[in-house]
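In case you want the letters, here they are:
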Amino acid sequence: MDRTHLVDEITGHRRMRRNRKADWTRRLVQENRLTVDDLIWPIFIVPGTGIVDPIAAMPGVNRMSVDKAVEAVKEAAGLGIPAIATFPDIEMELRDETGSNSLVANNLINQATAAFKKAVPNIGIVTDVALDPFTSHGHDGILRNGVIVNDETVDQIVRAAVMQADAGADIIAPSEMMDGRIGAIRRGLDAAGHQDVGIMSYATKFSSGFYGPYREAINTSGLLKGDKNSYYISPANGTEALRDAALDVEEGADMLMVKPGIAYLDICWRIKEAFGLPVFAYQVSGEYTQIKAAAMNGWIDGDRIMMETLLCFKRAGCDGILSYFAMDVAKKLAKNG
Ligand code: PBG
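Our subject in this report is the structure included herewith. (Residues numbered from 1 in each chain as written. Predicted model: local features only at pLDDT ≥ 70, side-chain atom pairs only at ≥ 80, totals over all residues. Heavy atoms only, no water.)

Comments concerning the overall build of the protein chain
Across its full length, the protein chain carries 12 helices and 12 strands. What you see for the protein chain is a C-alpha radius of gyration of 21 Å, in line with the 20 Å of a compact globule of 337 residues. Dimensions of the protein chain along its principal axes, counting C-alpha atoms only, are 80 × 45 × 40 Å. By the burial criterion, 52% of the 337 residues in the protein chain qualify as buried. In the protein chain, the proportion of contacts linking residues at least 24 apart, taken out of those at least 6 apart, comes to 75%. Within the structure as shown, the protein chain displays about 15400 Å² of accessible surface, and the carbon and sulfur contribution to it stands at 52%. Taking the average location of the 36 positive side-chain charges in the protein chain and that of its 44 negative ones, the two points are 9 Å from each other. (Helix = DSSP H or I, 4+ residues; strand = E, 2+ residues; numbered from the N terminus. Rg over C-alpha atoms; globule rule 2.2 N^0.38 Å. Buried < 20%, exposed > 50% of the residue type's maximum accessible area, 1.4 Å probe, protein only. Contact = heavy atoms within 4.5 Å. Areas by Shrake-Rupley, 256 points an atom, 1.4 Å probe, with all protein chains shown as cover. Lys, Arg positive; Asp, Glu negative; His and termini not counted. Charge placed at Lys NZ, Arg CZ, Asp CG, Glu CD.)

Next comes the structure, spelled out in structure tokens:
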């Protein structure tokens, strides 16, 4: 039997494998590429000096005191990583009902920013203004009678954002999903002379189980009462997410973020198509941990899946990715030339 003939009858002249036949054809037709320029590295900061404290639920990720973080950020800049995103794990005694430490000019996050700016001026610094690292209840906003109050929270995060910009933050990334925050932050920054400080909106932040290890990292998991469903978006809702992003665009966001990442690639794509703004995915703690845990058990090829997931964000329309793998990826890309 002439098998070639049979296949030819079905495929005609269409043979997809011709473009896949060799390394050189595959390189030639490759549509998307991951480069070091696509990476934002999230890091956790703790008070003190000389501290590099492993996070149990995120193997390979550490909480670092500012001095140690400066060394790490220098290394990141040396590898060509364009930006970092910082999250503080502050002392429990400093956390209170309203997250008042967020309004202390030289709080941990602002100390870290100032230190990075001084030691590593050529790396971008992205800071979150959500209140969860600062509140005694682990919520992102101010809690009054069991309700996260919107406008009062916005008022506070605007002031916190200005202080972060004063300390040297380049991009303010508000993750607390309060209504009207982008416009309010923009006005606050401009009024304080920070016209060049950008806003990366966590435009579509979903109420997700993938944040679990992060809450361990900044020690909010034991504090959190209830859930965040009254301000984060339900994983069931795509159109609502688009509407939320549209408001942020109107209010002046410079960049949009989708969070979590890999389970929300449809949202990345829809947002990129709809608005054309730079779109970033946050490959969050639970996504990182899943890959690490399976790899540590020898059940998957961790390196391969790290590269594959990040490339898939690019294919889904993302301009970049916040990832705890950023340093590993940058090293791998540097080695492979
Ligand atoms: C809260 C915040 C979260 C993350 C960063 N800032 C989510 C949360 O705790 O509800 C998650 C990041 C991650 O999981 O890597 N403002």
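Here the narrative resumes.
Looking at the pairing of strand 12 (residues 320–323)
Side chains Gly320 and Leu322 project from strand 12 onto one buried face, and the interleaved Ile321 and Ser323 project onto a second face that is buried too. Across two bridges, the pairing between strand 1 (residues 39–46) and strand 12 is parallel. Bridging from a neighbouring strand, Ile40 pairs with Leu322 of strand 12. Summarising the sheet, strand 11 (residues 279–283) and strand 12 pair through four bridges and their orientation is parallel. Across the sheet, the residue bridging to Gln283 is Ser323, located in strand 12. (Pairing = 2+ DSSP bridges.)

Quick word on the nonpolar core
Counting 102 residues, the largest nonpolar core has Trp41, Ile43, Phe44, Phe116 and Ile185 as its most contacted members. Examining the composition of this core, we find that seven residues originate from one element, helix 3 (residues 66–79), more than from any other. Here Phe44 is in contact with Ile55, Met58, Val61, Asn62, Arg63, Met64, Phe87, Tyr214, Ala217, Ile218 and Tyr324, once residues within four sequence places are set aside. (Core = buried A, V, L, I, M, F, W, Y, C linked by side-chain atoms within 4.5 Å.)

Section: helix 8 (residues 239–251)
Here helix 8 is 13 residues long and its end C-alpha atoms lie 19 Å apart, about the 18 Å a rise of 1.5 Å per residue gives. If you check which residues of helix 8 are buried, you get Ala241, Leu242, Asp244, Ala245 and Asp248. Viewed end-on, helix 8 has its buried residues packed into an arc of 160 degrees, placing them on one side of the element. The outward face of helix 8, more than 90 degrees from its buried face, is lined by the exposed residues Thr239, Arg243 and Glu250. Tucked inside the fold, the buried residues of helix 8 contact helix 6 (181–191), strand 9 (198–205), strand 10 (255–259) and helix 9 (265–275). Just beyond helix 8, the residue with positive phi is Gly252, at close to 110 degrees. (Expected span 1.5 Å × (residues − 1). Arc of directions from axis to C-beta.)

What about the pattern of salt bridges?
Following the criterion strictly, the structure yields 17 salt bridges and no others. Ionic pairing is found between Asp248 and Arg181, a salt bridge with its closest N-O pair at 3.6 Å. Here the residue Asp248 occupies a position in helix 8, and Arg181 occupies one in helix 6, the gap between them amounting to 67 residues. According to the relative accessible area criterion, Asp248 is buried, its value standing at 3%. You can call Arg181 buried: its relative accessible area is 2%. (Salt bridge = Lys/Arg side-chain N within 4 Å of Asp/Glu carboxyl O.)

Considering the environment of Leu108
Tracing the backbone through its elements, the reader meets Leu108 in helix 4 (residues 108–119). The buried category is assigned to Leu108, whose relative accessible area is 10%. Residues Leu108 and Ser221, spaced 113 residues apart in sequence, show a C-alpha to C-alpha distance of 20 Å. Contacts of Leu108, omitting those with residues within four sequence positions, involve Ile45, Val46, Pro47, Val66, Pro88, Asp89 and Ile90.

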